[in-house]
Amino acid sequence: SQTIHQWPATLVQPVGSPLSLECTVEGTSNPNLYWYRQAAGRGLQLLFYSIGIGQISSEVPQNLSASRPQDRQFILSSKKLLLSDSGFYLCAWSRGGVQETQYFGPGTRLLVL
Amino acid sequence: QQQVKQSPQSLIVQKGGISIINCAYENTAFDYFPWYQQFPGKGPALLIAIRPDVSEKKEGRFTISFNKSAKQFSLHIMDSQPGDSATYFCAASIGGTSYGKLTFGQGTILTVHP
């Protein structure tokens, strides 16, 4: 069976500090991977998606970037965090190709102070 | 055109009652409509999904009704239970080269009173 992991679960960072959130998927190969942000417990906004190693598409211009160094690893980064980057970050995967069903990870709650 | 509008924002139902959440979309290219359930502090979990070639899909107490001409779909939770209290999201995606990108509604906070 497939499993998706995210870490850390919770993170408190000062404004201007860097960020690295990691997501890994087990039990599948060549998944599509997605990063979402959820503000105030409502509404999921797609930030990035990837259909393969090194292939990243950005949905929303912002202070964040994403990378996919390995097939089942997806990383969300920032060089300098802003207060507005606070939120609940969710990673999701779907089977490669055009499969729509997405499965979400447990999320990382980020608080920027 | 990419928006999915969800209502109501919050819903309070008594145990045993029917919970109904509605979503509307504009983009007729959408061809996959899932519903997700999210408990506080957790990631959303797929509840049930439908494609526009059917008007209704039922799984246990959960039913999706789909009206293609009206571009609307809804989630019905029969015999609502306190354990159903969660946030529910509708979503939509376009098949083919969109690679499964989902457009989500804003969510409905459901509270089921015992």
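See the structure printed just above.
About the criteria used
Residues numbered from 1 in each chain as written. Chains lettered and ligands numbered in written order. Predicted model: local features only at pLDDT ≥ 70, side-chain atom pairs only at ≥ 80, totals over all residues. Heavy atoms only, no water. Core = buried A, V, L, I, M, F, W, Y, C linked by side-chain atoms within 4.5 Å. Buried < 20%, exposed > 50% of the residue type's maximum accessible area, 1.4 Å probe, protein only. Helix = DSSP H or I, 4+ residues; strand = E, 2+ residues; numbered from the N terminus. Contact = heavy atoms within 4.5 Å. Buried area = accessible area lost by both parts, 1.4 Å probe. Salt bridge = Lys/Arg side-chain N within 4 Å of Asp/Glu carboxyl O. Polar contact = N/O pair within 3.5 Å; in protein donor to acceptor, adjacent residues only side chain to side chain. Nonpolar A, V, L, I, M, F, W, Y, C, P; charged D, E, K, R; others polar. Phe/Tyr/Trp six-rings, centres within 6.5 Å; stacked < 30°, edge-to-face > 60°. Lys NZ or Arg CZ within 6 Å of the ring centre and 35° of its normal. Pairing = 2+ DSSP bridges.

Engineer: Even after reading the chapter, I still don't get the nonpolar core, so can you show me in this structure?
Structural biologist: Across soluble globular proteins, nonpolar side chains have a tendency to be buried as a group. In this structure, Val4, Phe33, Trp35, Phe73, Leu75 and Tyr88 of chain B are the most contacted members of the largest nonpolar core, which totals 24 residues. Secondary structure elements with two or more residues in this core: strand E2 (10–14), strand E3 (19–25), strand E4 (33–38), strand E5 (45–50), strand E7 (62–67), strand E8 (72–77), strand E9 (86–93) and strand E11 (108–113) of chain B. Considering each element in turn, this core owes the most residues, four residues, to E9 of chain B. Aside from chain neighbours lying at most four places away, what touches Val4 of chain B is Cys23, Ala24, Tyr25, Phe30, Phe73, Cys90, Ala92, Thr103, Phe104 and Gly105 of chain B. With 20 residues, the next largest nonpolar core counts Cys23, Leu33, Leu110 and Val112 of chain A among its residues.

Engineer: Mind showing me how you'd approach the interface of chain B and chain A here?
Structural biologist: Interface size is often expressed as the accessible area that is lost when the parts come together. Counting residues at the interface gives 26 residues for chain B and 24 residues for chain A. Buried surface at the junction of chain B and chain A, both sides included, amounts to about 1,900 Å², of which 56% is carbon and sulfur. Our count for the contact surface shared by chain B and chain A stands at one salt bridge. Remark: the boundary between chain B and chain A carries four residue pairs in polar contact (both at pLDDT 80 or more). Those elements that place two or more of their residues in the side of chain B that touches chain A are E4, E9, strand E10 (102–104) and E11 of chain B. Of the residues contributing to the side of chain B that touches chain A, the split by class is nine nonpolar, 13 polar and four charged.

Engineer: What should I look at first to understand the packing of aromatic side chains in this one?
Structural biologist: For any pair of aromatic rings, the description consists of the separation of the ring centres together with the inter-plane angle of the planes. Considering all chains together, one arrives at 17 aromatic pairs over all chains under this definition. Here the aromatic rings of Tyr36 of chain A and Phe104 of chain A are separated by 5.3 Å at their centres, their planes lie at 45°, and the arrangement is tilted. Of this pair, Tyr36 of chain A sits in strand E4 (residues 32–39) while Phe104 of chain A sits in strand E10 (residues 103–104); the two residues are 68 residues apart in sequence, bridging distant segments of the chain. Side by side, Tyr36 of chain A and Phe104 of chain A carry an identical accessibility label, which is buried. Taking the centre distance of 4.9 Å and the plane angle of 40° together, the rings of Tyr25 of chain B and Phe33 of chain B count as tilted. There is no split in this pair, since Tyr25 of chain B and Phe33 of chain B are both buried. Here the aromatic residues Tyr34, Tyr36 and Phe104 of chain A together with Tyr36, Phe89 and Phe104 of chain B are joined through ring pairs into a cluster of three or more. Between the NZ or CZ atom of Arg109 of chain A and the centre of the ring of Phe88 of chain A, over which it lies, the distance is 4.5 Å.

Engineer: What exactly am I supposed to notice about the environment of Phe66 of chain B here?
Structural biologist: All names here are of chain B. Structurally, Phe66 can be placed in strand E7. On the accessibility criterion, Phe66 (7% relative accessible area) is buried. In this structure the C-alpha to C-alpha distance between Phe66 and Leu47, which are 19 residues apart in sequence, comes to 16 Å. Apart from residues lying up to four places away in sequence, Phe66 is in contact with Tyr25, Phe33, Ile50, Pro52, Val54, Ser55, Gln72 and Phe73.

Engineer: Where do I start with the pairing of strand E11 (residues 108–112) of chain A in this structure?
Structural biologist: Side-chain direction in a regular strand flips from residue to residue, so the side chains alternate between the two faces of the sheet. All names here are of chain A. Side-chain alternation along E11 places Thr108, Leu110 and Val112 on a buried face and Arg109 and Leu111 on a face that remains uncovered. Strand direction decides the pairing type here: strand E2 (residues 10–13) and E11, joined by four bridges, are parallel. Residue pairing in the sheet places Gln13 in a bridge with Val112 of E11. Bridge count for strand E9 (residues 87–94) against E11 is three bridges, and the pairing is antiparallel.

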